[in-house]
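Each chain is listed here by its residues.
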Amino acid sequence: MTIQISQLHKSFGQTEVLRGIDLTVADGELVALLGPSGSGKTTLLKIIAGLDWPDAGRLDVDGQDWLRLAAQDRRIGFVFQNYALFPHMTVRDNIAFGLTVRPRAERPGRAQIARKVDELLGFLQIEALGGRYPAQLSGGQRQRVALGRALAIEPTVLLLDEPFGALDAAVRRDLRRWLRGVHDATGTTTIFVTHDQEEAFELADRVVVMDHGRIQQIGDAATIHDAPATPFVADFMGATVALPVTVRGGSVAAPGVDASRVVAPGLPDGPARLFVRPEDLVPVPDPAGPWTVASISNTGSQLRLVLADASGAEVPADLRRRHPAAQGLSPGARVHLRPEAASVFPV
Amino acid sequence: MSLASAPPVRARAVLPGFRLTFGTTLLYLTVIVLIPIIALVIEGAGIGPARLWDIVSAPRTRAALRITITAAAVATVINAVYGLLMAWVLVRYRFPGRGLLDALMDIPFALPTAVAGLSLTALYSANGWFGAVLAPMGIQVVYTLGGIILAMSFTSIPFVVRAVQPVLEKLDPALEEAASSLGASGWTTFRRVIFPAIMPAWLGGVTTSFARSLGEFGAVVFIAGNLPFKTEIASLLAYIRLEEYDYEGAAAVALVLMVLALVLLFLSNLVQIRAARYGAVTA
C-alpha cells in the first residue's frame, strides 16, 4: 500500500502539533518517524490510523481517501506503546479479536481462526503462551502478542508507536532484529515512531526526522548524520556545539577557529552558525589562541575538555587520549579550535 | 568478626502506632459490626429450626419477604441499567453542569431516608406533581409495589454509579482505540472490551444496591402504605414483631434478610476476586 500524505495540519487548542506534513511511503517500505517528544510524530501516526483527525490536509492510501474512512474500516495494524492488550482475554483471544469482530458474512470459521492463531503464535515464537493472560507475560512477550494481534487481520499498513519504549536494552535489541525479520517476511508497509536514533537507523529503510510539527529531513542514516538539512537535525544528531561564524565566497571563518576542513558551498555570504559534534572538535595548542582549556576529565579512552573563551562562553570537546593534539594539553593551555567535520547554516 | 559477636539489630516499623490503631479498629469493629450480627445469629439459633421455619413460612412473613425481594430485585435491575448509564455519562462526556450532576449523585446517600420517603410520597400522591399526571392514566404509585420499588431505587442508585465511575475513569483509552483499529464497531467494543473490564465493579455495585434495597426502611414505609400481604416489607414486619414483644418473630425475619444479603456479598466478592486474578480493573 502506498501512503500519500499532503499538507496535513493539526492543532490541539492553541498548540499546532502538525504544520503541513508532506510524506509518501512506498509499498512495502519500513519507515521510522524520529523526533523528540512534542514533535508531532505520534499524532501523525494516529491520524494515519484513524484514531485522530487532522484539521486540514489529505491522506490517500492506494488512491483511496482515508480521511473518509473510520478507523475500523481502514484495516490497519496498530501496536500501542503500552501494548493495550485486552486484560480479560487470553493471548489466543487477544490475537483472534480482530477476526472474531468481523461481520458474520466475512468472519472466518472457528477452526480457521484457531488455525490462524496457531500459525501466528508459531511465527512470533510464543506457542506456549496461548492460554495465558496479559498480566502473566513479560514486556517482550506482550510486545509479541500485540504485534500478533495486529498482524492477524492481515493489515494493509502496520503502525507501531514507540514499540520498544518500555523494554530493557537487551530485549530491545533482540526484538528490533526480530521485527525487521517480521517485516521482511510479511512485506507489509510499516511505519513506526521512536525517539531513539539508533533504533530508527538500524531498523528503517528511511528515517523521517520531525520537530515542532514539521518534517525536518527524510533520508538514510549516512545522509542524516553527515548532511543534516536543518540546525535542528544537526543538533539532534549530536552536533551540539554551535559556533558563530562568517561565510565569504563559500569558505567559513571565525576568530580562533581553523575552519579549513569545513566547506559551505552555495551558502550566501554573511553571518552563519557552525554545528559540530564534540568528538569532531579538535583543540590545537596555540599560544595566541583565544580559547583556554578550563578543565579536562579522563574517561579512559577519551578526554573530555571544556574550553572557554574570554567572554566566558564554554564548549565541550571530546578527544581520543592517543590523539596527537591531546599531548601537551593541560588546564590553562591556550588553543584554537579545528572542526574536522561540521555543518553550516545561515543565521 | 564472627556473626555471633555482632550485636543483634531489631527492625523498626516505618509507621508507628500499629498496635494502638489496630487494636482500636478491631475493638470498634467487634462492638459495632460483629457482635450485633453474632447476637442475631445466636438469637436465631435459639429459636430452633422447626420454630424458625414456622415463622418464616407463615403467610404474612412469606408475603413480606416476597414483596421485599421482588421490589428490591426490580429496583436493582433499574439501578443496574440506569446507574451504568449515569456513570458512563459522568465519565465520558464533558458538559456544563457535570460537576453539579456528579455532586447530586450523592444526595440519596446524604439525605435522611425519611425525608426521601416523605418527598416521594408527596410527589406521587394523587394531588402531587407526578401523581396528578399519572392518576388519570390509571397509574397509582403511592401505596403500591411501584412505590416501594421507587423508594428502593432512589436510595440505592449511588452504589452502582460510585462503583463503576472510578473503574471507567481508569480504563485505558488505548483499549478502545485498539478494538476499533482491529475493526470492532462501537457497540462491539463496549460489549467485548469495556463491559468485561468494568463488569466486576458493576456487579459489586449492583449487589450492594440489592442488599441495601432489601433492608431499606425509612424511605419505603412512607410511600408503601404498609398493608399486610400487599405492601408490607420484611424489615417493617420485623419492627412490628418487636413492638409486639415477639423477639423470636423479629429475629427470624431479620435473620433471613441478613443471610440473603451476606450470600449476595459473598458471591459478588467471589466474582471480583476471580476477575482480579487476570488483572481486570476493580474498584
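Since the model is a prediction, treat every value here as computed from it, not as a measurement.

Novice: How should the overall build of chain A be read in this particular structure?
Specialist: Counting its secondary structure elements, chain A contains eight helices and 19 strands. Its C-alpha atoms give chain A principal-axis dimensions of about 85 × 45 × 35 Å. Per-residue burial for chain A yields a buried fraction of 52% across its 347 residues. Taking the contacts inside chain A whose residues are at least 6 apart along the sequence as the reference set, 66% of them involve residues at least 24 apart.

Novice: I keep staring at the interface of chain A and chain B and nothing clicks. Help me out?
Specialist: By a widely used convention, the size of an interface equals the accessible area lost when the partners come together. In this assembly, 23 residues from chain A lie in contact with 18 residues from chain B. Summed over the shared surface of chain A and chain B, the number is one salt bridge. Between Lys46(A) and Glu177(B) there is a salt bridge, with the nearest N and O atoms lying 3.1 Å from each other. Scanning the region where chain A abuts chain B turns up five residue pairs in polar contact (both at pLDDT 80 or more). Contributions of two or more residues to the side of chain A that touches chain B are made by β6 (76-79), α2 (91-100) and α4 (139-152) of chain A. It is α2(A) that provides the largest number of residues to the side of chain A that touches chain B, a total of three residues. When grouped by side-chain class, the residues that make up the side of chain A that touches chain B number 16 nonpolar, five polar and two charged.

Novice: When you look at the sheet that holds strand β5 (residues 64-65) of chain A in this model, what are you seeing that I'm missing?
Specialist: Sheet strands line up and pair through hydrogen bonds in the backbone, either parallel or antiparallel. All names here are of chain A. One open sheet holds the four strands; their spatial order is β2-β1-β4-β5, and the pairing between them is antiparallel. The open sheet has two edge strands with one neighbour each: β2 (15-25) and β5. One ladder, built from five bridges, connects strand β1 (residues 3-12) with strand β4 (residues 56-61); its direction is antiparallel. The residue bridging Gln4 from the neighbouring strand is Asp60, located in β4.

Novice: Please clarify how the packing of aromatic side chains should be interpreted in this entry.
Specialist: How two aromatic rings sit relative to each other is given by the distance of their centres and the angle of their planes. Applying the stated criterion across every chain, the model contains 12 aromatic pairs over all chains. Ring centres of Tyr124(B) and Phe130(B) lie 5.2 Å apart, and the angle between their planes is 55°; this geometry places the pair in the tilted category. Residue Phe130(B) is classed as partly exposed on the basis of its relative accessible area of 40%. Through a chain of ring-to-ring contacts, three or more aromatic side chains come together here, namely Trp88(B), Trp187(B), Phe190(B), Phe195(B) and Trp202(B). The ring of Phe86(A) carries the charged tip of Arg149(A) above its face, separated from the ring centre by 4.6 Å. We note Arg92(B) situated over the ring of Trp88(B); from NZ or CZ to the ring centre the distance is 4.6 Å.

Novice: Please explain the domain arrangement of chain B as it appears in this structure.
Specialist: All names here are of chain B. We note that the domain assignment places domain 1 (16-47) and domain 2 (55-277) within chain B. The centre of domain 1, based on its C-alpha atoms, is set 27 Å off from the matching centre of domain 2. Taken together, the six residues of domain 1 in the interface contact eight residues of domain 2. Around 580 Å² of area is buried between domain 1 and domain 2 when both sides are counted, 87% of it from carbon and sulfur atoms. Among the residues of domain 1 in contact with domain 2, Leu40, Glu43 and Ile47 are the three that bury the most area, contributing 71% of the side total. The interface formed by domain 1 and domain 2 contains zero salt bridges.

Novice: Explanation requested: the confidence of the model for chain B in the structure shown.
Specialist: Detailed reading of the predicted model is not advised wherever pLDDT is low. On average, residues of chain B score 88 in pLDDT, and 96% of them are at 70 or above. Averaged pLDDT values for the elements of chain B fall to 86 in helix α13 (residues 247-277) of chain B and rise to 94 in helix α3 (residues 59-92) of chain B.

Conventions adopted
Residues numbered from 1 in each chain as written. Chains lettered and ligands numbered in written order. Predicted model: local features only at pLDDT ≥ 70, side-chain atom pairs only at ≥ 80, totals over all residues. Heavy atoms only, no water. Helix = DSSP H or I, 4+ residues; strand = E, 2+ residues; numbered from the N terminus. Buried < 20%, exposed > 50% of the residue type's maximum accessible area, 1.4 Å probe, protein only. Contact = heavy atoms within 4.5 Å. Salt bridge = Lys/Arg side-chain N within 4 Å of Asp/Glu carboxyl O. Polar contact = N/O pair within 3.5 Å; in protein donor to acceptor, adjacent residues only side chain to side chain. Nonpolar A, V, L, I, M, F, W, Y, C, P; charged D, E, K, R; others polar. Pairing = 2+ DSSP bridges. Phe/Tyr/Trp six-rings, centres within 6.5 Å; stacked < 30°, edge-to-face > 60°. Lys NZ or Arg CZ within 6 Å of the ring centre and 35° of its normal. Domains from an automatic or database assignment. Buried area = accessible area lost by both parts, 1.4 Å probe. pLDDT = per-residue confidence, 0-100.

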